[in-house]
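Working through the structure, step by step
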Amino acid sequence: MSWFTSHSGHVRSGNNTLPGPAPERTEFSQTTLHLRGPLPWGGDGDDTSGNHPLSFNLLIPRVEIDQLKVASGKRLSLQGLGDVSAYVEGQANDNWGWLAGMKFPTGDEAQRPGPGLVPPSLLQVGSGTFDPIFGLRYLEDDGGQLVKFASGLLIFPIDESDGGLRAGRTLRFNAGGYWRSGEWWNPSMQLEALRRDPDRLDSSTLSGTGATLWTLIPALTANIGISSFIQVSWRLPLTQDVNGTQLVPGTGFTIEGGIRF
């Protein structure tokens, strides 16, 4: 289970922050239930012959978006089930893993959505489209204190929503490492590069959508016994290069906990 929140209160044009107060402020939060379990045909996790196990993942998000128009004081609040994702992941070898799945249009969509860079990039709980998901991950663990990792994830819509929206493709890269402290806690640091293509509405490109975002993500994980953990992490924006003029995400915060049965 994880909870994420982020406030957007700065307007950028290209890679420049526009002076003066922002005309609107947006708060985005998402609570996600992440269920993961082995598949029966995925092999034996204790098998050292190269028969690596497969696992099934189901992500069920609840999304809340609150937007304030500063000049008028008008508020818009959206909340409800977001887009559910399901994917299978496995190991190609000791270092490389993969995942493949689908994000489903289970969240409510706006019939005539307006632009604004909040996840999803338009101001609506769900995108209204079926989005295939493909990813690769790399883990380098030589038994020392520093464990290095990297991952790449591609999400791309294959259709339009009922409102005529075709959300842009998203490509994300992460690279970093975590430190085995020898205690009950482990710090980590990673760098994320996110590229989102512009969205299209009724076959026309929405000028205020699409961006390249670089984010630094420090985190601290606390191990509780041998089967539970709690992790807190911060999303610190580094550079934000947007198409057109957009309200951009500010600092984000995530708290996550898990239990292994």
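Residues numbered from 1 in each chain as written. Predicted model: local features only at pLDDT ≥ 70, side-chain atom pairs only at ≥ 80, totals over all residues. Heavy atoms only, no water.

Section: the overall build of the protein chain
When helices and strands are tallied, the protein chain shows 0 helices and 19 strands. The globule rule puts the C-alpha radius of gyration for 261 residues at 18 Å, and the 19 Å found for the protein chain is close to it. Projected onto the principal axes, the alpha-carbon positions of the protein chain cover approximately 60 × 35 × 30 Å. Out of the 261 residues belonging to the protein chain, those deemed buried represent 39%. Of the contacts made within the protein chain by residues no fewer than 6 positions apart, 58% connect residues no fewer than 24 positions apart. When the accessible surface of the protein chain is split by element, carbon and sulfur atoms take 59% of a total near 14,300 Å². Side-chain charges of the protein chain comprise 20 positive and 26 negative groups, with the mean position of each set lying 7 Å from the other. (Helix = DSSP H or I, 4+ residues; strand = E, 2+ residues; numbered from the N terminus. Rg over C-alpha atoms; globule rule 2.2 N^0.38 Å. Buried < 20%, exposed > 50% of the residue type's maximum accessible area, 1.4 Å probe, protein only. Contact = heavy atoms within 4.5 Å. Areas by Shrake-Rupley, 256 points an atom, 1.4 Å probe, with all protein chains shown as cover. Lys, Arg positive; Asp, Glu negative; His and termini not counted. Charge placed at Lys NZ, Arg CZ, Asp CG, Glu CD.)

Details of the pattern of salt bridges
For the structure shown, the criterion picks out 13 salt bridges. A salt bridge links Lys69 to Glu24, with the nearest nitrogen and oxygen atoms 2.9 Å apart. Taken as a pair, Lys69 in strand β5 (residues 54–69) and Glu24 in strand β4 (residues 24–38) lie far apart in primary sequence, 45 residues in all. In this structure Lys69 comes out as partly exposed when scored by relative accessible area, which is 33%. Salt bridges sharing partners connect three or more residues here, namely Arg36, Glu89 and Arg137. (Salt bridge = Lys/Arg side-chain N within 4 Å of Asp/Glu carboxyl O.)

Comments concerning the side chain of Thr221
Here Thr221 lies in strand β16 (residues 211–224). Reaching out from Thr221, the side chain makes a polar contact with the side chain of Gln231 at a distance of 2.8 Å. Setting aside chain neighbours within four positions, we find Thr221 in contact with Trp184, Trp185, Asn186, Phe229, Ile230 and Gln231. (Polar contact = N/O pair within 3.5 Å; in protein donor to acceptor, adjacent residues only side chain to side chain.)

Remarks on the environment of Val63
On the secondary structure map, Val63 appears in strand β5. Once the C-alpha coordinates of Val63 and Thr5 are considered, the two residues, 58 residues apart in sequence, prove to be 10.0 Å apart. Not counting the four nearest positions on each side in its chain, Val63 is found in contact with Phe28, Ser29, Gln30, Leu78, Gln79, Gly80, Gly82 and Val125.

Describing the side chain of Glu192
Looking at the element boundaries, Glu192 is found in strand β13 (residues 185–196). The exposure class assigned to Glu192 is buried, which follows from its relative accessible area of 5%. Here the side chain of Glu192 touches Asn174 through a polar contact of 3.2 Å, side chain to side chain. Sequence-distant contacts of Glu192, defined by excluding residues within four places in its chain, comprise Arg172, Phe173, Asn174, Leu213, Trp214, Thr215, Ile217 and Arg235.

Quick notes on the sheet that holds strand β3 (residues 16–17)
Each strand in a sheet pairs with another by means of backbone hydrogen bonds, the pair being arranged parallel or else antiparallel. Ordered in space as β3-β2-β18, the 3 strands form an open sheet in which the pairing is antiparallel. Two strands bound the open sheet, and with one partner strand each, they are β3 and β18 (245–248). The sheet contact formed by strand β2 (residues 10–13) and β18 spans 4 bridges and is antiparallel. In the sheet register, His10 faces β18, and the bridge partner there is Val248. (Pairing = 2+ DSSP bridges.)

Things to note about the confidence of the model for the protein chain
Residues with a pLDDT of 70 or more make up 91% of the protein chain, whose mean pLDDT is 88. Within the protein chain, strand β11 (residues 165–166) has the poorest average pLDDT of any element, 83, and strand β10 (residues 146–155) the best, 97. (pLDDT = per-residue confidence, 0-100.)

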